[in-house]
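Residue-level structure breakdown
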Amino acid sequence: MISSVRGEVLSVGLDHVVVEVGGVGLAVQATPATLATLRRGEETRLHTALVVREDSLTLFGFADADARELFGLLQTVSGIGPRLALATLAVLDPGKLRGALVEGNITVLTSVPGIGRKGAERLTLELRDKVTALGGGDLPAVSAPGALRAEVVEALAGLGFPAKQAEQAVDKVLADGDGHTTASVLRAALTTLGRKR
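Everything in this summary refers to the structure shown in the same document. As the structure is a computational prediction, the values presented were derived from the model and not from experiment. (Residues numbered from 1 in each chain as written. Predicted model: local features only at pLDDT ≥ 70, side-chain atom pairs only at ≥ 80, totals over all residues. Heavy atoms only, no water.)

**Re the nonpolar core**
We count it as follows: Only buried Ala, Val, Leu, Ile, Met, Phe, Trp, Tyr and Cys residues count toward a nonpolar core, and they belong to the same one when joined by side-chain atoms within 4.5 Å. Three exposure classes are used, based on accessible area relative to the maximum for each residue type with a 1.4 Å probe and protein chains only: buried under 20%, partly exposed in between, and exposed over 50%. The helix count covers DSSP runs of H or I at least four residues long, the strand count covers runs of E at least two residues long, and both are numbered beginning at the N terminus. Contacts are residue-level and defined by heavy atoms, with any inter-residue pair within 4.5 Å sufficient.
Counting residues in hydrophobic clusters, the biggest one holds 28 residues, and the most contacted among them are Phe 62, Phe 71, Leu 74, Ile 80, Leu 97, Leu 123 and Leu 127. Considering each element in turn, this core owes the most residues, five residues, to helix 2 (residues 65-74). Excluding residues that lie within four positions of it along the chain, Phe 71 makes contacts with Ala 49, Val 51, Phe 60, Phe 62, Pro 82, Ala 85, Leu 86 and Leu 89. Grouped together as the second largest cluster of nonpolar side chains are 12 residues, Leu 148, Val 153, Leu 156 and Ala 166 included.

**Here's the deal with helix 8 (residues 163-175)**
For clarity, the cut-off: For a helix, the expected span equals 1.5 Å multiplied by the residue count minus one. It is the directions from the helix axis to the C-beta atoms whose arc is reported.
The terminal C-alpha atoms of helix 8 lie 18 Å apart, and with 13 residues this matches the ideal 18 Å at 1.5 Å per residue to within 8%. When helix 8 is considered as a whole, its buried residues turn out to be Ala 166, Ala 169, Val 170 and Val 173. Along helix 8, the residues classed as buried sweep out an arc of 95° about the axis, all on the same side. Among the exposed residues of helix 8, those oriented more than 90 degrees off its buried face are Lys 164 and Ala 175.

**Overview of the sheet that holds strand 5 (residues 56-62)**
Within a sheet, neighbouring strands are paired by backbone hydrogen bonds and run either parallel or antiparallel to one another. The cut-off we apply is this: Paired strands are those between which DSSP finds at least two bridges. Whenever a helix is involved, its axis is fitted only over the stretch in contact; in every case the axis is a line through C-alpha atoms, and angles between N-to-C directions fall within 0 to 180 degrees.
If you trace the five strands once around the closed barrel, you get 1-2-3-5-4, paired in mixed fashion. The mean angle between the axes of side-by-side strands here comes to 55°, regardless of whether they run parallel or antiparallel. Helix 2 rests against strand 4 (43-53) and strand 5 of the sheet, and its axis sits at about 10° to strand 4. The strands that helix 3 (residues 82-91) touches are strand 3 (24-29), strand 4 and strand 5; relative to strand 5, the one it contacts most, it runs at about 15°.

**A word on the environment of Leu 193**
Position of Leu 193 among the secondary structure elements: in helix 9 (residues 182-196). Assessed through its relative accessible area of 1%, Leu 193 is described here as buried. Along the chain, Leu 193 and Ala 169 lie 24 residues apart, while their C-alpha atoms are 6.6 Å from each other. In this structure, Leu 193 is in contact with Leu 156, Phe 161, Gln 165 and Ala 169, ignoring residues within four places of it in sequence.

**Describing the pattern of salt bridges**
What counts, and what does not: The working definition used for a salt bridge is a side-chain nitrogen of Lys or Arg within 4 Å of a carboxyl oxygen of Asp or Glu.
As enumerated under the stated definition, the model contains three salt bridges in all. The partner of Glu 121 in a salt bridge is Arg 117, with the nearest N and O atoms 3.4 Å apart. Residue Glu 121 and its partner Arg 117 are both found in helix 6 (residues 117-135); the two are separated by four residues, about one turn of the helix. Looking at Glu 121, the relative accessible area reads 34%, which means it is partly exposed.

**Focus on the packing of aromatic side chains**
Stated formally: Any two rings among Phe, Tyr and Trp, with Trp reduced to its six-membered ring, count as a pair given centres within 6.5 Å; such a pair is stacked if its planes are under 30 degrees apart, edge-to-face if over 60, and tilted if neither.
In this structure the tally under the stated criterion is two aromatic pairs. Here Phe 60 and Phe 71 contribute two aromatic rings whose centre-to-centre distance is 5.0 Å and whose plane-to-plane angle is 40°, an arrangement assigned as tilted. With a gap of 11 residues between them, Phe 60 in strand 5 and Phe 71 in helix 2 connect regions that are remote in the sequence. Like Phe 71, Phe 60 is buried. Consider the rings of Phe 62 and Phe 71, whose centres lie 4.9 Å apart with planes at 50°: the pair is tilted. The same class applies to Phe 62 and to Phe 71, which are both buried. Ring pairs connect the aromatic residues Phe 60, Phe 62 and Phe 71, which therefore count as one cluster.

Rendered as structure tokens:
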């Protein structure tokens, strides 16, 4: 198993990058987000997964180990091959994918081309517990924006604020920048709502 490659970027294509490792140019399939961070002539390091088929050896590359773990986990579900697993990570970043699987958010999962309602239901059913276990204490403090928004709106509604007001306050806070944690958004939204009263 080739778990990582490091070397000079020889070329960047639409769906792959060629990295020179020890005088050999390795073609590595990657998501558009990963490819966007790579520049020709610069050195890079990618976490990789080697997929062996009867007629091919394909290397898939990821910016971090978390994405690579999810790539492998997705393929444990029947009907999900490496291409569809990569497409899933191209549409949903690891944090958003974890959130969708844990919450059973079918709408988010079906936004991936090639995953229908039944496939999304199978993914959540089979991976919900594994994703939680895999993430363990490593789940980032910064949630995916959609999950974070829903969480804070729910908390504000629980405190007695009307849903519409809560949504507007949270949207205003989220529009002011990124890198928010649930706690920081909740505090800022409470401050905003406090001024309105």
